[in-house]
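Spelled out from the first residue to the last, the chains are:
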Amino acid sequence: MGEFGIGQSVRRTEDDRLLKGEGRYQDDINIDGQAHASFVRSPHAHAKIISIDTEAAAAMPGVIRIATSADVIAAGFGPLPCIIDHMLELKRQGDLPRVLPVRPILATDRVRHGGEPVAMVIAETFQQARDAAEAVHVEYEVLPSTTDTAASAKPDATQIYDDAPGNVCFDWEMGDAEKTKAALTDAAHVTTVDLINNRVICASMEPRGALGQYDKDSDRYTLHVGTQGVFSLRDLLAGAIMHIDPSRLQVISPDVGGAFGMKGFVYAEQPMVLWAAKELGRAVKWMSDRTEAFVTDTQGRDHVTSAKLALDKDGKILGVQVSTIANLGAYASQFGPGVPSLLYSRMIPGLYTTPAFHVAVSGVFTNTVPVDAYRGAGRPEAAYVIERLVDKAAREMEIAPDELRRRNYIQPSAMPYTTPSGLEYDSGDFAGNLNDALKRADRDGIESRKAKSKAAGRYRGLGIATYIEATGADPKETAKVEFEDDGTVALTIGTLAGGQGHLTTFAQILHDRLGVPFDKTHVHQGDSDALPQGGGTAGSRSLVIGGGAVQATADKIKDKATKIAAHMMEAAEADIEFSEGTFTIAGTDRTMNIMEIAAAAKDASNLPDGMEPGLDHTDEFMYLAPTFPNGAHICEVEIDPDTGTIDMQRYTVVDDFGKVINPLLVYGQVHGGIAQGVGQVITENCVYDPESGQLLTGSFMDYGMPRADDFPSFNVSTNEILCQTNAMGAKGAGEAGTLGALPAVINALVDALAPLGVTHIDMPATPESVWRAISAAKAA
Amino acid sequence: MQINFKINSETVEVEVEPRLSLADCLRDKLQLTGTHLGCEHGVCGACTVIVNGEAVRACLMLAVQVDGDSVVTVEGLSNEDALSPLQAAFRRNHALQCGFCTPGMITTAHALLSEEPDADADRVREVLSGNICRCTGYIPIVDAVLEARAAYADKKATS
């Protein structure tokens, strides 16, 4: 299939536009006559609303309308949904049902996190709307707040909801508690870690926005919004909030400037701009600034965990016991409670044969911005726990960390392998990945490099992490292929990219399957009117499920084209051979290519009797099972003990993503994932003031985004073990980088400082915390 | 207030409020939407434009401050047909994903290489560390800028 086929690093078709500044992002979309919205937001973490006085604001220049919760109630809109009941049945201890509090679109009588929307001001210009929003006077009675994860779960913590004693949303358990307890009792060695998975800000470089339109004649709404999936957003907005038929709402996504999970959800501003568009009879636009993004975009991670690993005298794992408190924020977000329950706990056994495991998770409410899926969503949290346990156990038992892992890996010969958490791994060579990575990282030379560092007064360490994850989410995807009159091919796909390069990858897959020219194929996404149904970006699903839909559609087209070729060349259908877009009568030089057939198929006189003209086709694909990407990360660091600064010297990754469609784009995903993971480890941390509940890291001045000088070069390669549960043999690659990075970097830091007696450092390992760990170890 | 300035080789006359930022002026008054706003307080670098040859944050500069100046945006560094050598290097190295920070990366790198076509990797990293990218992990961006040096060295030699 030449330069555009599967396995080729095809340069992206997206790039030309974006490099020239011709991208069309949220804030670049404007509608003639639009009004502008600004939201009045709670300045308090927890407060009662006594009164809202809009009089002064309403009299300000340009102000058109001010909306409060009364307007939302009058419109009959439902609250922002948590759809976790569609996924799992969550309970609290004592067989009580989970608590899913009502999350109003605009606050009614109480606010539970700083940034919660209270009122919406609509004015002629954005500046006027903002000026007037500042003039809305809200009288609050400030209540005590609670933000810290572990403290909020304590009996004396401030109670946020009357019907959620102890601030508990759910208590989740997976595995066999008794068997795991017995394994710990019988173990020759037990390793314990207490760790924090720090809260992070998703921080897509493009903030969110929303632009609503309403057409009176057709009684239809249109929402322009950068999102991860136009169909699910349409269905939720229409079904759960606005109570209208989904056919009355069109959701269109412009270019998306990064999403990482956070743009996959329904937000308060979306129904509000639609409401306002209908009320005012004109388009209404809202655009978040960065400060609003910090206090309204869903945040990620935030676990406090205590875990134990039971091993026999040879370092064979007997069991793992995990207890986690997960901070959900002030409300149960769309998928929020699903992340630390199912998605997290089922990955705890990892790549290891684990005879017994038990995970207990309490999801607690706090006066913080709601937490939901962030790149990896539960799997990086699990990988961090198990890989810290295994690494610490190896150190304690004086077994090399790679060797202890090898002794416990599920072997390739054991595939398909059902884990005790019920997942069926189809393929993987975990020791193979690790061995390759160790070689590429020159692990053999680490002792001499450590000695050199030591001579220079520095500490050097090498950290290993291996991971496996389950990809998936919505199992269905739709693709439509249309042959245009100008000789181009339009491929419309139900999923939606925010930088992953779908326009290129899906064209490659279509080219591979059907032989249509790559440079004549235009991929379309992000319009809920363009397909009957579709999915979106979530859980590293798009390539496998979206690619499956492209293949399924291509196969149907190929079948029909074969019939047409046989008819037109007057041959038997069984004699037609297909290869790389060309249909040949076997044993002859008589051929037609797919584009010729597509052109001919528009004219019924070229077709067999009764055949519908045209080759266009829409089809669906439903995946059978999650895919299980896996791999090894090796990080090498050098620490300056005087300052605690970390110099990342090498970073090596070997991933098994099954069949790689476009290596360039896959490496891009891995690089980005590592950067987000390393960012969480060394610079990023979301901090709330324990007294006031205010977000202290509320800007890029205060929140440590990783920068260009934080990274060495990454040595990234793949080990292609074909996935057995999809035709492409591919495994999802979007999130994997974040899984390996957290434990690899912390394990490297601990390796470096182990000679001082350091056994654990919590994230974020800032220079200050590293320096403190060194000082404490020296003083001990 | 009325201001005159040169934007991408064209001179324009614009009526602006004194509080209007250069970024908002470019985006809203001149429809040059290639300049993106990522933080509006000068930290992320997405809005970087070139004023009189120097890379500046268009969100921190008022439009009235460029009266009489020469401003170049990503649109001014682009040709209708082919990509510039710097843009082509970005594409070859997969130095952009979502593309939102990209115009600021292009303008920052252009300003750097126009002055220092021999900048080494450390210098490139240092300068680019003023621009935040959430997608790429930066390494391909650094590689792209290093690769584009040749084109600027030629330019500097012939100018």
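Within each chain, residues carry numbers counting from 1 in the order of the written sequence. Each chain takes a letter, starting from A, and each ligand takes a number, starting from 1, following the order in which they are written. Local features are withheld for residues below a pLDDT of 70 in this predicted model, meaning they are given only at 70 or higher, and side-chain atom pairs are given and counted only at 80 or more; totals for whole chains, interfaces and linings count all residues. Neither water nor hydrogens contribute to the side-chain values; these are computed over all heavy atoms in the structure.

1. Observations concerning empty space enclosed by the protein
All names here are of chain A. Where we set the bar: Here a cavity denotes a set of grid points, spaced 1 Å apart and computed over the protein atoms alone, in which a 1.4 Å probe fits but from which it cannot get out, and a pocket denotes an open set meeting protein on both sides within 12 Å along at least five of seven lines; residues with an atom within 4 Å of a point are reported as lining. Grid points are joined across faces, edges and corners, and a volume is the space filled by probe spheres set on the points. In this classification, the charged set is Asp, Glu, Lys and Arg, the nonpolar set is Ala, Val, Leu, Ile, Met, Phe, Trp, Tyr, Cys and Pro, and all remaining amino acids, among them Gly, are polar.
Across all of its chains, the model carries 7 cavities of 30 Å³ or more by this definition. Around the largest cavity sit 18 residues that line it, and Leu80, Arg103, His113, Pro117 and Ala268 are the ones nearest its centre. The residue inventory of the lining of the largest cavity, partitioned by class, reads 10 nonpolar, 3 polar and 5 charged.

2. A word on the confidence of the model for chain B
To keep things clear, this is the line we draw: The pLDDT value expresses, per residue, how confident the predictor is, ranging between 0 and 100.
Averaged over all residues, the pLDDT of chain B equals 96, while 97% of them reach at least 70. Here the predicted complex carries an ipTM of 0.98, next to a pTM of 0.97.

3. Quick notes on the packing of aromatic side chains
Spelled out, the test is: Only centres within 6.5 Å qualify two rings of Phe, Tyr or Trp (six-membered ring in Trp) as a pair; their planes then separate them into stacked at under 30 degrees, edge-to-face at over 60, and tilted for everything else. The classification of residues rests on relative accessible area computed with a 1.4 Å probe and restricted to protein chains. Under 20% of the type maximum is buried, over 50% is exposed, and intermediate values are partly exposed. Put simply, DSSP marks the helices as runs of H or I at least four residues long and the strands as runs of E at least two long, and each gets a number from the N terminus on.
A complete count under the given rule lists 16 aromatic pairs over all chains for this structure. Ring geometry for Phe711(A) versus Phe714(A): centroids 5.7 Å apart, planes at 75°, classification edge-to-face. The buried category is assigned to Phe714(A), whose relative accessible area is 9%. For the ring pair Phe711(A) and Tyr138(B), a centre distance of 6.3 Å and an interplane angle of 25° mean the geometry is stacked. One end of the pair, Phe711(A), is in the loop between α18 (663-682) and β30 (714-718); the other, Tyr138(B), is in the loop between α4 (121-128) and α5 (139-158), on a second chain. Ring pairs connect the aromatic residues Tyr651(A), Phe711(A), Phe714(A) and Tyr138(B), which therefore count as one cluster.

4. Some thoughts on the nonpolar core
Filter applied, for reference: To form a nonpolar core, buried Ala, Val, Leu, Ile, Met, Phe, Trp, Tyr and Cys residues must be joined to one another through side-chain atoms within 4.5 Å. Domain delimitation follows an automatic or database domain assignment. In what follows, a contact means two residues having at least one pair of non-hydrogen atoms within 4.5 Å.
Core analysis: the largest hydrophobic core is formed by 173 residues, its most contacted members being Tyr651(A), Phe700(A) and Phe90(B). Of the residues that make up this core, three or more belong to each of domain 1 (2-77) and domain 2 (85-158) of chain B. Excluding residues that lie within four positions of it along the chain, Phe700(A) makes contacts with Ala203(A), Met205(A), Arg290(A), Phe294(A), Met705(A), Gly38(B), Cys39(B), His41(B), Val43(B), Cys44(B) and Ile132(B). Among the nonpolar cores identified, the runner-up in size contains 41 residues, and Leu491(A), Ile493(A), Ala507(A) and Phe518(A) belong to it.

5. Some points on the domain arrangement of chain B
All names here are of chain B. Operational definition: Throughout, the accessible surface (probe 1.4 Å) given up by two parts as they are put together, summed over both, is called the buried area.
As far as domains go, chain B holds domain 1 (2-77) and domain 2 (85-158). The C-alpha centroid of domain 2 is placed 21 Å from the C-alpha centroid of domain 1. Taken together, the contact between domain 1 and domain 2 spans 17 residues of the former and 14 residues of the latter. Summing the contributions of domain 1 and of domain 2, the shared interface buries around 1,200 Å²; its carbon and sulfur component is 63%. For domain 1, the biggest contributors to the area lost against domain 2 are His36, Val74 and Leu77; these three give 38% of the whole.

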